[in-house]
Amino acid sequence: IDSGSTCFYMIDYIESSNITVVTNGIVHIQKLMSKGINTYILGGYAKPEQNLIMGEDIINKISVMNFDKAFLGTMGIDERSGFTTMMLEDGEVKKAVIKSSDECFVLADTSKFNVRKFYTYGDFNQATIITDSKVEFGEGNVKIIY
């Protein structure tokens with residue numbers, strides 16, 4: 001589960017406790033543990049202003065992990081560029097997670113659509129978007145769950 005705020009709120013909907021969740025979200029850790037969920041924390045430096053932990057070896061760790069499902073946040077979803085973010089490190093972590101996942105979901109409220117940030121980390125064929133309400137976007141090449 002990615003460090004973003006939308007992913008944080010998704011934790012409320014996890015019903016299973018017989019799972020292990022990997023996260024780099026600072027506030028996510030306590031919430032997951034309070035639900036009795038096995039929680040693996042990706043190591044590095046805490047960056048409280050972005051609510052995440054980032055380290056040099058996170059991508060190496062992720063590359064040897066195997067995820068059934070991944071839930072990522074995003075700063076932008078753009079028809080030309082795909083899934084985008086402002087931070088290169090964040091984008092590289094998201095790319096590694098997508099590569100290590102059987103199934104990937106990008107959680108985004110409708111304000112993230114038609115927004116293009118500086119770094120692209122994924123294409124629409126790599127993830128299904130979960131959003132809060134109907135949005136006019138794409139030409140059928142984007143998988144969206146409302």
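For the structure itself, look to the data block above.
No experiment lies behind these values; they were computed from the predicted model shown. Within each chain, residue numbers correspond to sequence positions counted from 1 in written order. Residues qualify for local features only when their pLDDT is at least 70, as the model is predicted, and side-chain atom pairs are given and counted only at 80 or more; totals for whole chains, interfaces and linings, by contrast, use all residues. Think of the side-chain values as coming from all heavy atoms in the structure, minus any hydrogens and water.

Asks: An account of the sheet that holds strand β10 (residues 128–130) is requested, with residue identities and associated values reported.
Replies: Read from one edge of the open sheet, four strands run β5-β8-β10-β11, paired in parallel fashion. Each end of this open sheet is capped by a strand with a single partner; those strands are β5 (67–72) and β11 (144–145). In this description, strands pair whenever DSSP reports at least two bridges between them. Strands here are runs of E lasting at least two residues and helices are runs of H or I lasting at least four, both read from the DSSP assignment and numbered beginning at the N terminus. Pairing between strand β8 (residues 101–107) and β10: three bridges, direction parallel. Note on β10: the bridge partner recorded for F105 is T128.

Asks: Explain the state of the cysteines to me, using residue names and the numbers behind them.
Replies: Two cysteine sulfur atoms make up a disulfide if the distance between them is within 2.5 Å. Counting across every chain of the model gives zero disulfides. Not engaged in a disulfide, the cysteine C7 finds its nearest cysteine sulfur in C104; these two sulfurs lie 9.4 Å apart. Exposure categories follow from relative accessible area, calculated using a 1.4 Å probe and restricted to protein chains: below 20% of the type maximum is buried, above 50% is exposed, and the middle band is partly exposed. The exposure class assigned to C7 is buried, which follows from its relative accessible area of 0%. What makes C104 buried here is its relative accessible area of 6%.

Asks: Can you lay out the side chain of D78 for me, pointing to particular residues and giving the numbers?
Replies: With respect to the helices and strands, D78 occurs in strand β6 (residues 76–78). Positive residues here are Lys and Arg, negative ones are Asp and Glu, while His and the chain termini are left out of the count. Note on definitions: salt bridges are taken to be side-chain nitrogens of Lys or Arg within 4 Å of carboxyl oxygens of Asp or Glu. Put simply, D78 is tucked away with no salt bridge, and the nearest opposite charge, on R80, sits 4.1 Å away. Within the structure, D78 has its side chain in polar contact with the backbone nitrogen of R80 (distance 3.0 Å). Whenever a nitrogen or oxygen atom comes within 3.5 Å of another N or O atom, the pair is scored as a polar contact, on the condition that within protein one atom can donate a hydrogen and the other can accept it, and that pairs from neighbouring residues in sequence are kept only if both atoms are in side chains. There is a polar contact of 2.9 Å between the side chain of D78 and the backbone nitrogen of S81. Working rule for contacts: check all heavy atoms of both residues, and any pair within 4.5 Å makes them a contact. Each residue touching D78, except ones within four places of it in the same chain, is listed here: V115, R116, F124 and F137.

Asks: Any chance you could break down the nonpolar core for me, citing the residues and the numbers?
Replies: Take the buried residues of types Ala, Val, Leu, Ile, Met, Phe, Trp, Tyr and Cys, join any two whose side-chain atoms come within 4.5 Å, and each joined set is a nonpolar core. Core analysis: the biggest nonpolar cluster contains 27 residues, and I62, L72, I77, F83, V97 and F137 have the highest contact counts within it. Mapped onto this core, the elements with two or more residues apiece are β4 (52–54), α3 (58–63), β5, α4 (88–100) and β8. No other element matches α4, which puts four residues into this core. Each residue touching F83, except ones within four places of it in the same chain, is listed here: T74, G76, I77, V106, Y119, T120, Y121, G122, D123, F124, A127 and I129. Of all hydrophobic cores here, the second largest spans 11 residues; its members include I1, C7, I37 and F105.

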